[in-house]
Amino acid sequence: GMNNKAKGYLLAAISSATYGMNPLFSLPLYADGMSVDSVLFFRYMFAVPMVALMVKSRGRDFKVAKREIFPLLMVGVFFVLSSITLFRSYFYMDSGIASTILFVYPVMVALIMTIFFKEKISLQTWTCIALALGGVGLLYKAPSGATLSLVGILFVLGSALAYTLYIVAINKTILKDVPSVKVTFYVILLGFFIFGGMVFLGDGLQTPTKWYLWLDIFAFALLPTVISMYCATKA
């Protein structure tokens, strides 16, 4: 019914709003000299126990069936790719522009569902998408002199595509029957290991130089990571 649908859109809106806080938390950390990989490593490290608590508080377990392992790895990789590309894009263009372009992902989801899964997308859904994009367009204020870079745009579109595949994979594999919070937990756990590896292979781990930036990382893990992902998966 509509009530459930409305709840879905509300969750999606909360997810988008909290996901939109990405630059808010990440830019001070870059300014402090931390690398993208270090920032994302700490983000996921702080998020793992948070989601574990959510899993427990909802009375769920951490059991994973054999046939769920591959789909979980797949969505985890899509989500991590989405993170990596989005944060790289901030170096090429204003984060506000990047976040705005990222919102093409609902359109991509709708298109993939229509083309590959032959789903009939209702007029209502297209209207919601149009309104969402219109809203982003209205809210969007380009900072003076901010330019669009092709590399930056490709990174963001890559991010949107990876995020789209993440959503589609959750909806079209056996994961749709796995509790949202459990999917979120394993995706974040995988992210933690992947970024741990990247930090290890890359420039090594950089920690914040100021104590209050740890609070920033904590908020970063909670809002655009845990809450955003949980709402998106649930929506």
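Residues numbered from 1 in each chain as written. Predicted model: local features only at pLDDT ≥ 70, side-chain atom pairs only at ≥ 80, totals over all residues. Heavy atoms only, no water.

Visitor: Before we move on, could you go through the packing of aromatic side chains and cite the residues and values that matter?
Guide: Overall, the coordinates contain 18 aromatic pairs when judged by the stated rule. Where Tyr44 meets Phe195, the ring centres are 5.2 Å apart and the plane angle is 20 degrees; that geometry is what we call stacked. Taken as a pair, Tyr44 in helix α3 (residues 36–57) and Phe195 in helix α9 (residues 180–201) lie far apart in primary sequence, 151 residues in all. Accessibility classification places Tyr44 together with Phe195 in one group, the buried group. Connected via pairs of aromatic rings, a cluster forms that spans Phe41, Phe42, Phe46, Phe192, Phe193 and Trp214. A cation sits over an aromatic face here: Arg43 above Tyr44, 5.6 Å from the ring centre. (Phe/Tyr/Trp six-rings, centres within 6.5 Å; stacked < 30°, edge-to-face > 60°. Helix = DSSP H or I, 4+ residues; strand = E, 2+ residues; numbered from the N terminus. Buried < 20%, exposed > 50% of the residue type's maximum accessible area, 1.4 Å probe, protein only. Lys NZ or Arg CZ within 6 Å of the ring centre and 35° of its normal.)

Visitor: Can you lay out unusual backbone geometry for me, pointing to particular residues and giving the numbers?
Guide: Backbone geometry places Lys118, a non-glycine residue, at a positive phi of 50 degrees. Within the element layout of this structure, Lys118 appears in the loop between α6 (105–117) and α7 (123–139).

Visitor: Explain a nonpolar patch on the surface to me, using residue names and the numbers behind them.
Guide: A grouping of Leu111, Ile115, Phe116, Phe117 and Trp126 is seen on the molecular surface, where their side chains present a nonpolar patch of about 500 Å² in accessible area. Here Phe117 shows up in helix α6. (Patch = residues over 30% accessible without salt bridge, like charges linked within 9 Å, V, L, I, M, F, W, Y side chains within 5 Å. Areas by Shrake-Rupley, 256 points an atom, 1.4 Å probe, with all protein chains shown as cover. Salt bridge = Lys/Arg side-chain N within 4 Å of Asp/Glu carboxyl O.)

Visitor: Provide a residue-level description of the side chain of Asp37, including the pertinent values.
Guide: Along the chain, Asp37 turns up in helix α3. Among the polar contacts made by the side chain of Asp37, one reaches the side chain of Arg88 at a distance of 3.4 Å. Contact partners of Asp37, with chain neighbours within four places excluded, come to Arg88, Phe195, Met198 and Val199. (Polar contact = N/O pair within 3.5 Å; in protein donor to acceptor, adjacent residues only side chain to side chain. Contact = heavy atoms within 4.5 Å.)

Visitor: Explain α3 to me, and be specific about the residues and the numbers.
Guide: For α3, built from 22 residues, the straight-helix expectation of 32 Å at 1.5 Å per residue is met to within 8% by its first-to-last C-alpha distance of 32 Å. Along its length, α3 reaches its greatest deviation from straightness, about 25 degrees, at Val48, and the proline Pro49 lies no more than four positions downstream. Once α3 finishes, Gly59 follows within two positions and takes phi at roughly 70 degrees, a positive value. (Expected span 1.5 Å × (residues − 1). Bend = angle between axes of the 7 residues up to and from the residue.)

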